[in-house]
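Here are the chains, one letter per residue:
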Amino acid sequence: MNDRADALLSNFIDRVAARHEGETEYLQAVTEIARDVLTIEKANSTYTKARILERLTEADRIISFSVIWEDDAGQVQINRGWRVQHSNLLGPYKGGLRWVPDLSPSVLKFLAFEQAFKNALTGLPLGAAKGGADFDPSGRSTAEIRRFATAFMTQLAAHIGPDTDVPAGDIGVGSQEIGVMARVWMQRALRWGGVLTGKPVALGGSAMRTEATGYGLLYFTAAMLDAEGETLKGKRIALSGRGNVSRFAARKAIEQGARVVTMSGRKGTWHAPDGFSPQALDWLVTAEGDSAYSPPEALELTFEEGTRPWGVPCDIALPCATQNEIGLEDAKTLADAGCRYLAEGANMPVTQDAIAHLARAGVLQAPGKAANAGGVAVSGLEMQQNAGFSRWSAAQVDGCLREIMCTIHDRLTSERRSCYTQTGAVDYRRAANVAAYRRLAEAMIAAG
Ligand code: GLU
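For clarity, every value in this text was computed on a predicted model and none was experimentally measured. (Residues numbered from 1 in each chain as written. Predicted model: local features only at pLDDT ≥ 70, side-chain atom pairs only at ≥ 80, totals over all residues. Heavy atoms only, no water.)

Strand order in the open sheet made by the five strands is E1-E2-E4-E3-E5, with mixed pairing throughout. The open sheet is flanked by strand E1 (61-70) and strand E5 (165-168), the only strands paired with a single partner. Direction aside, neighbouring strands of the sheet carry axes that sit 20° apart on average. Inspection of the sheet shows E1 paired to strand E2 (residues 76-87) by 10 bridges, in the antiparallel sense. Paired with Ser 64 across the bridge in E2 is Trp 82. Of the strands in this sheet, E1, E2, strand E3 (93-99) and strand E4 (128-133) touch helix H5 (residues 105-122), which is tilted by about 150° from E4. Here helix H6 (residues 142-156) sits on the sheet in contact with E1, E2, E3 and E4, set at roughly 140° to E1. (Pairing = 2+ DSSP bridges. Helix = DSSP H or I, 4+ residues; strand = E, 2+ residues; numbered from the N terminus. Axes fitted to C-alpha atoms, helices over the stretch in contact; angles between N-to-C directions. Contact = heavy atoms within 4.5 Å.)

This next bit is on the site of the ligand. Around the ligand, the surrounding shell holds 14 residues, and the nearest of these are Lys 94, Lys 118, Asp 170, Arg 209 and Ser 379. Separating an oxygen atom of the ligand from a side-chain N or O atom of Lys 130 is a distance of 3.1 Å. Gly 169 is positioned such that a nitrogen or oxygen atom in its backbone is 3.1 Å from a nitrogen atom of the ligand. In isolation the ligand has 300 Å² of accessible area, and contact with the protein removes 94% of it. Among the elements of the structure, E3, H5 and helix H14 (374-387) are those that each provide at least two residues to the shell around the ligand. (Near = heavy atom within 4 Å. Polar contact = N/O pair within 3.5 Å; in protein donor to acceptor, adjacent residues only side chain to side chain. Areas by Shrake-Rupley, 256 points an atom, 1.4 Å probe, with all protein chains shown as cover.)

Of all hydrophobic cores here, the largest spans 109 residues; its most connected members are Leu 53, Phe 117, Phe 220, Phe 276, Leu 412 and Tyr 437. When residues in this core are grouped by element, the largest group, 11 residues, is from helix H16 (residues 428-446). Ignoring sequence-local partners within four residues, the contact set of Phe 117 consists of Ile 33, Leu 53, Leu 56, Lys 369, Asn 433, Ala 436, Tyr 437 and Leu 440. By size, the runner-up hydrophobic cluster in this structure holds 26 residues, among which are Trp 69, Phe 135, Leu 156 and Leu 196. (Core = buried A, V, L, I, M, F, W, Y, C linked by side-chain atoms within 4.5 Å. Buried < 20%, exposed > 50% of the residue type's maximum accessible area, 1.4 Å probe, protein only.)

What follows covers a nonpolar patch on the surface. Residues Ile 68, Val 76 and Ile 78 make up a contiguous nonpolar surface patch of roughly 320 Å² in combined accessible area. Inspection of the secondary structure puts Ile 68 in strand E1. (Patch = residues over 30% accessible without salt bridge, like charges linked within 9 Å, V, L, I, M, F, W, Y side chains within 5 Å. Salt bridge = Lys/Arg side-chain N within 4 Å of Asp/Glu carboxyl O.)

A few words now on the environment of Arg 183. Position of Arg 183 among the secondary structure elements: in helix H7 (residues 175-189). Residue Arg 183 is classed as partly exposed on the basis of its relative accessible area of 45%. Note: C-alpha distance between Arg 183 and Gly 289 (106 residues apart in sequence) is 30 Å.

In this structure, the second largest pocket occupies an estimated 930 Å³ of space. Mapped by element, the contributors of at least two residues to the lining of the second largest pocket are helix H2 (24-43), helix H12 (352-360), strand E12 (364-366) and H16. In terms of residue count, the dominant contributor to the lining of the second largest pocket is H12 (five residues). Each residue belonging to the lining of the second largest pocket can be placed in one class, and the counts come to 11 nonpolar, 10 polar and eight charged. (1 Å grid on protein atoms, 1.4 Å probe; cavity = no way out; pocket = protein on both sides within 12 Å on 5 of 7 lines; lining within 4 Å. Points joined across faces, edges and corners; volume = space filled by probe spheres on them. Nonpolar A, V, L, I, M, F, W, Y, C, P; charged D, E, K, R; others polar.)

That's the geometry; what it means functionally is another story.
Have a look at this one:
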């Protein structure tokens, strides 16, 4: 960046920071995008006059509410819930619900802001939102989770609807929880409607929605490798997490002949030097409690307590756990061990200094807003199926998902002229920000 662009950026961030004091994650997400698009805004007088980016940093509204419920011991529990309705410019507000104990408005605002760019990249009519609660579902009984989900939706129901705001799942919220919440909404509204996506298939959910984020990540990664004349076959993949995204990313990677060498959890890393077998993967994703830390010998898998998944040699890194999970030291380890590609299954999993280090080391990096857009894209397809009272086959949805991910990839490579790395490859991070910004800016201008 030159001095003028630097000054423009710091000026802009200072203004945003003054309105969103102390919201670290949110300011991190805004900085990442502003760095790439401010000069474009400055060069276009219509955009400058309309103050496009500054408007995009303000959510339409933030709803906050209490969630009061009763645990199995008969104790009253008090949690906080939020829904950040970021923008309904391109379609109904759309984005997941996350239940994690340390959730904050700053995290939700960053996620909703990122969602606006991600959803724009899918090309589908989707606005942007994100929500959740500071609730920890781990260790809770099914009955407790059902009571919490019911209390949560009772508070949120009035603010959502099939063409106003369509939440889905995210960390801590899976199809079972979505099923309970969808039913609560329908009972209150006295009508059927595709008000949440990621529903169980038996309740009107779409085939392949569960697999979509992980599979989509691999379709995008394959397209990125293809552009460099390579394939997934034989590549070593370091993957983090063992939740929904990781699980299906790993499955698709194995299916494509890659070797998944790591997966991880809060306590450490599972390492399979020759790659997870399908059996080892099935075992890990279904293992309960502490049994997961003692893999049966036959699976050729070890659990290494306290270690990170980035310490073993790999060609591709797929961070699929949570934000800021790859810091500078991890980035150095990855680059030194020969990693050449990174694609984000999680949202904003790489810190800014780590991004810069990986870029200097020549690692091609696909940002989450492009690489993990498969989940929300299939949510868009679920909305289409619900609105048309129809049901598509798994093959049909998978075909659409693959096409959407390849189209996103092509959209980014077509930004190549202004978005390239030192080695002349596409700068996917910049290209994603620029392409999404253009779609949002055009819509804002069209709306006067
Ligand atoms: N939570 C997912 C995401 O981060 C999916 C959102 C959705 O399907 O609405 O994109």
